[in-house]
Amino acid sequence: MSTIRIVDEQFKSLPLGYLPTDITAIGEYHYYRPGDTGIWYEPNKDTSWTGRKCWMIKEREGIRELEQGMYVEACTTIPMLVTGEREWRNYELGATVWPLRAAGSDCGIGFRYMDSRHFYWFCLSGGTEAVVYKKEEEDLIVLARASFAYDSDHAYRLGAHVQDQTLTCSIDGRQVLTVVDGSYDYGNVAIAALTEARFSNVTVDMTQPELQDVSARIQAKQDRLLAKRSHYPAPKLWRTLDLHDFGAARSIRYGDLTGDGIKDLLFIQNMESLNSCDECMISCITAVDLDGRVLWQIGEPDPRNGMLTADVPVQIYDIDGDGFNEVIYCKDFKLIIADGRTGKTKASMPTPCKIPHDRFVIYQNVTFDRIVVDSIRICNFSGSARPSDLLIKDRYNNLWAYDNQFNLLWQQYVNAGHFPYSYDMNGDGKDELVAGHTLLSSEGERLWELPGMHCHVDEIVIGRFDPDKDELLIAMSSGEDGFVLADQNGSVLVQDMLGHAQRVSVANYRPELPGLEYCVTTFWRNTGIIALYDCKGNRLWSGETGANGNVITPVNWTGDGKELILYSANARYGGLHDGYGDQVVALPDDGHPDLTCDAVDLCGDEREELLVWDTRRMYIYTQADSPKDVRYVPDKYEAHNYSNYRGEYSFPRWKDRG
């Protein structure tokens, strides 16, 4: 049967040189694409690749080739590029592969690609054989292998014909391996290499009936989405703000600064210290109202200082109980309490002196005499009627707790992770602290540490999520330790190794299921995978979005008790998704900035607005039916403890009728 060529990639649309890439933490909470990559996207990145780039367009004898120029040793992160559609099923993939190190590791073509942890891979391997692998979570499973001697002086035409469950692989037109496996029924195509290799003439052919089936599947999916979207109010542009030279990326805060009951905004700029994006110091804070009028400013604004890949130590809170919010922040080695109305300093103290340790050392600052504070959390270690204590930390290691008069309550060092979580776990009126995988008492004493953990914790949420359990549960995105669900006694109930778990949120994403659901997204190694779990930690589904910057914030968009998940501000990949992973509210393709986003109730009807912005502009969207009288008023993540590493929650709550 004749076929139709649906991919004919000769790499002529891309300029010579390195393919744009970004091996930084920007994409943890920003939708960021460093440049045009044509039809390809790069799903994997590894911290060990920092400062290096995998892919480069080169020319040889009039032919464009894409070179993977890095040898990756014993690493589960495979340099790869992906194209195509998830709905592809039966097709023939071909690519010319020139191994530049014959005795090196694997290089070849991927197919039935579901995400970067689930696909088939046909490779030249070690100079001596051809192999078909199945990537399944952390494992690279050999499905078949055959002897095949090859060298680095020749290029080879690799082919994969996939028809239902039969996978037929060829080299230079000769069939070498056939596998029958039904693990993955659909998926994209990829080129991938753990060693230096060049790829050219990448093609995908499909029969006319199969192409029609693909089109039908895509159309059916689109029809289903349109039917779902009809039940949700569309976004309506409420207002736009010009951020001039004081704008910032995802380093803003919300709170009433003037005492008029209306939320204002803080934009926080920063500059690197110690030549490290992990040691950032605030350079400028600008307070503005919702009309964009500047209320006050501390420091000197500069649009070059708007981006960040870390946290900023700023909170808005009435720390002294005088009825007006203060701004608590750290700048130039001082912890400062400022009047929220004016920005004038009310009290300050020097930040603590550095404490070097030989444990939990990650990017530790031992250069400055005083620490560059990484974050601030408002806690209640003292057992007061309301939280009035301050927790500060350095990047990963040391914690200090103070009362609101700057009296030191305690100091501790642990593998603290990014943003410890305070909660009265035992009901004594005082907060305990989950710092990383360790529980500390209100006096800073170690109570327990989760066993078998090796990485740091990115985000934490604590609450009663499972109706079958009276006890508190602790949900963690624990980096290379995956998604972790523990009880309040320090027992690990669930550990799912879905990749480097970066963010976690908890909400009523699937109202038909008991309890609350956990949403988790990955970043390092396998980027952009989102998974949903039921209240007991069973994975309901997972999928790769094809984009970074997924903030997975729970959003009360309809006011009916069903929470949606905010992915990003991008019109194609972002918007609001339901508990099945479907994009049910799409942001308009109106030229809005899509670097980052958040959801905050600004109009006052208990539903959140969507804020999308970059360092120059902010757009705010409300619902097309706003304002609306709603009874669903969920208990949301507390506004006075914002962080780029906050595990977010939205716990169901209804207001009385009448």
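Everything quoted here is computed from the prediction, not taken from an experiment. (Residues numbered from 1 in each chain as written. Predicted model: local features only at pLDDT ≥ 70, side-chain atom pairs only at ≥ 80, totals over all residues. Heavy atoms only, no water.)

### Things to note about the overall build of the protein
Keep this limit in mind: By the criteria applied, helices consist of DSSP H or I runs no shorter than four residues and strands consist of E runs no shorter than two, each listed in order from the N terminus. Taken over C-alpha atoms, the radius of gyration is set against a globule rule of 2.2 Å times the number of residues to the power 0.38. Accessibility here uses a 1.4 Å probe with only protein chains present; expressed as a share of the type maximum, an area under 20% marks a residue as buried, one over 50% as exposed, and anything in between as partly exposed. It only takes one pair of heavy atoms within 4.5 Å for two residues to be counted as in contact. Accessibility throughout is a Shrake-Rupley quantity obtained with a 1.4 Å probe, and a residue counts as covered only by protein chains that appear here. Positive residues here are Lys and Arg, negative ones are Asp and Glu, while His and the chain termini are left out of the count. All charge positions are set by atom: Lys at NZ, Arg at CZ, Asp at CG, Glu at CD.
Along the protein, the regular secondary structure elements total 1 helix and 51 strands. The C-alpha atoms of the protein give a radius of gyration of 26 Å, which matches the 26 Å a tight globule of 658 residues would have. Each of the three principal axes of the protein carries a C-alpha extent, and together these read 80 × 60 × 50 Å. The buried share of the protein, reckoned over its 658 residues, is 62%. Across the protein, contacts joining residues at least 24 apart in sequence account for 57% of those joining residues at least 6 apart. For the protein, the exposed area adds up to about 24600 Å²; of that, 47% sits on carbon and sulfur atoms. Here the protein contributes 65 positive and 99 negative side-chain charges, whose respective centroids are spaced 2 Å apart.

### Quick notes on the sheet that holds strand 37 (residues 492–496)
Sheets are built from strands that pair by backbone hydrogen bonding, the pairs being arranged parallel or antiparallel. We apply this condition: Whether two strands pair depends on DSSP finding at least two bridges between them. Axis lines are fitted through C-alpha atoms, for helices just across the contact stretch, and the angle between N-to-C directions can take any value from 0 to 180 degrees.
Pairing is antiparallel across the open sheet formed by 4 strands, whose spatial order is 34-35-36-37. Both outer strands of the open sheet, strand 34 (459–463) and strand 37, are each paired with one neighbouring strand and no more. Averaged over all adjacent pairs, the angle separating strand axes in this sheet is 10°, with direction ignored. Of the pairings in the sheet, the one linking strand 34 to strand 35 (residues 473–477) comprises 5 bridges and is antiparallel in character. Paired with Glu459 across the strands is Ser477, a residue of strand 35.

### Observations concerning helix 1 (residues 208–229)
Cut-off, in case you're wondering: Multiply 1.5 Å by the residue count of a helix minus one, and that product is the helix's expected span. Note: the arc covers the axis-to-C-beta directions of the helix.
In this model helix 1 runs 31 Å from its N-terminal to its C-terminal C-alpha over 22 residues, within 8% of the 32 Å that 1.5 Å per residue would give. Burial in helix 1 covers these residues: Glu210, Val214 and Leu225. Buried positions in helix 1, seen along its axis, are confined to an arc of 60° and lie on one side of it. Buried residues belonging to helix 1 abut strand 16 (197–207) and strand 46 (583–585).

### A word on the UniProt feature "domain: Rhamnogalacturonan lyase family 11 C-terminal" (unreviewed entry) in the protein
Which entries qualify depends on this criterion: UniProt positions are given in the numbering used here, feature names are shortened, and annotations may be inferred rather than shown by experiment.
Per the UniProt annotation, the sites labelled "domain: Rhamnogalacturonan lyase family 11 C-terminal" (unreviewed entry) are residues 395–625. Secondary structure across residues 395–625 comprises 0% helix and 43% strand; the distance between its end C-alpha atoms is 43 Å.

### What to know about the pattern of salt bridges
If charged atoms from side chains of opposite charge come close, those side chains can pair. Worth spelling out the cut-off: Every case where a carboxyl oxygen of Asp or Glu lies within 4 Å of a side-chain nitrogen of Lys or Arg is listed as a salt bridge.
Under the defined criterion, the tally for this structure stands at 46 salt bridges. A salt bridge links Lys221 to Glu87; its shortest N-O distance comes to 3.6 Å. In this pair, Lys221 sits in helix 1 while Glu87 sits in the loop between strand 6 (80–83) and strand 7 (91–99), placing the two residues 134 residues apart along the sequence. Judged by its relative accessible area of 36%, Lys221 is partly exposed. The salt bridge involving Lys536 is made with Asp468; its shortest N-O contact spans 2.9 Å. With Lys536 in the loop between strand 41 (529–533) and strand 42 (539–544) and Asp468 in the loop between strand 34 and strand 35, the pair connects residues that are 68 residues apart, well separated along the chain.

### Describing the environment of Val142
Position of Val142 among the secondary structure elements: in strand 11 (residues 139–147). Each C-alpha atom of the pair Val142 and Asp289 lies 59 Å from the other, and the pair is 147 residues apart in sequence.

### Concerning the nonpolar core
To keep things clear, this is the line we draw: Here, the term nonpolar core denotes a set of buried Ala, Val, Leu, Ile, Met, Phe, Trp, Tyr and Cys residues that are joined through side-chain atoms within 4.5 Å.
Of all hydrophobic cores here, the largest spans 69 residues; its most connected members are Tyr91, Phe111, Phe122 and Leu177. Per element, the largest residue contribution to this core is 6 residues, and it comes from strand 9 (residues 118–125).

### Some points on the domain arrangement of the protein
Filter applied, for reference: Per the annotation, domain bounds derive from an automatic or database assignment of domains. Buried area: the accessible area, evaluated with a 1.4 Å probe, that two parts lose upon being put together, summed over both parts. Any pair of nitrogen or oxygen atoms within 3.5 Å is treated as a polar contact; in protein, a donor-acceptor pairing is required on top of that, and neighbouring residues in sequence qualify only through side-chain atoms on both sides.
When its domains are assigned, the protein resolves into domain 1 (3–19 + 54–230) and domain 2 (235–651). For domain 1 versus domain 2, the separation of C-alpha centres amounts to 39 Å. In this assembly, 13 residues from domain 1 lie in contact with 13 residues from domain 2. Both faces combined, the contact of domain 1 with domain 2 buries some 1200 Å², and carbon together with sulfur accounts for 35% of it. The largest per-residue losses of area from domain 1 upon contact with domain 2 belong to Arg117, Lys228 and Arg229, which jointly make up 38% of the total buried on that side. Connecting domain 1 to domain 2 are 5 salt bridges. Across the salt bridge formed by Asp582 and Arg224, the nearest N and O atoms sit 2.6 Å from each other. At the surface where domain 1 touches domain 2, the tally comes to 12 residue pairs in polar contact (both at pLDDT 80 or more). Among the secondary structure elements, those contributing two or more residues to the side of domain 1 that touches domain 2 are strand 8 (107–115) and helix 1.

### Observations concerning the packing of aromatic side chains
To be explicit about the condition: Only centres within 6.5 Å qualify two rings of Phe, Tyr or Trp (six-membered ring in Trp) as a pair; their planes then separate them into stacked at under 30 degrees, edge-to-face at over 60, and tilted for everything else. The criterion for a charge sitting over a ring is simple: Lys NZ or Arg CZ within 6 Å of the ring centre, and within 35 degrees of the ring normal.
Applying the stated criterion to the full structure yields 26 aromatic pairs. Each ring, one from Phe465 and one from Tyr518, has its centre 5.4 Å from the other, and the planes form 85°; the classification is edge-to-face. Of this pair, Phe465 sits in the loop between strand 34 and strand 35 while Tyr518 sits in strand 39 (residues 517–522); the two residues are 53 residues apart in sequence, bridging distant segments of the chain. Considered together, Phe465 and Tyr518 belong to a single accessibility category, that of buried residues. Each ring, one from Phe465 and one from Phe651, has its centre 6.0 Å from the other, and the planes form 55°; the classification is tilted. Of this pair, Phe465 sits in the loop between strand 34 and strand 35 while Phe651 sits in strand 51 (residues 648–651); the two residues are 186 residues apart in sequence, bridging distant segments of the chain. Here the guanidinium or amino end of Arg377 rests over the ring plane of Tyr421, the centre of that ring lying 4.8 Å away.

### Thoughts on the sheet that holds strand 50 (residues 635–636)
On the basis of which strands lie adjacent, the open sheet formed by 6 strands has the order 42-41-39-38-51-50 and mixed pairing. Each having just a single partner strand, strand 42 and strand 50 make up the two edges of the open sheet. Inspection of the sheet shows strand 38 (residues 501–507) paired to strand 39 by 6 bridges, in the antiparallel sense. Bridged to Ser505 within strand 39 is Cys519.

### A look at unusual backbone geometry
Within the chain, Asp172 stands out as a residue other than glycine whose phi angle is a positive 55°. Mapped onto the fold, Asp172 is located in the loop between strand 13 (166–171) and strand 14 (174–180). For Phe333, which is not glycine, the phi dihedral falls at a positive 65°. As for its placement among the helices and strands, Phe333 is situated in the loop between strand 23 (326–331) and strand 24 (334–339).

### Concerning the pairing of strand 26 (residues 375–379)
As a general feature of sheets, a regular strand has side chains that alternate between the two faces. For strand 26, a buried count of 5 out of 5 residues is recorded, marking the element as mostly surrounded by other parts of the structure. A two-sided burial pattern is seen for strand 26, the buried positions comprising Ser375, Arg377 and Cys379 on one face and Ile376 and Ile378 on the other. Strand direction decides the pairing type here: strand 26 and strand 27 (residues 389–393), joined by 5 bridges, are antiparallel. Counterpart to Arg377 in the pairing with strand 27 is Leu391.

### Digging into the side chain of Asp256
In this fold, Asp256 is placed in the loop between strand 18 (252–255) and strand 19 (264–273). Arg341 is the oppositely charged side chain nearest to the buried, salt-bridge-free Asp256, at an N-O distance of 9.1 Å. Engagement of the side chain of Asp256 in a polar contact is seen with the backbone nitrogen of Thr258, the distance being 3.2 Å. Looking at Asp256, its side chain comes within polar contact range of the main-chain nitrogen of Asp260, at 3.4 Å. Setting aside residues up to four positions removed in sequence, Asp256 forms contacts with Gly261, Ile262, Lys263, Asp264 and Asn325.

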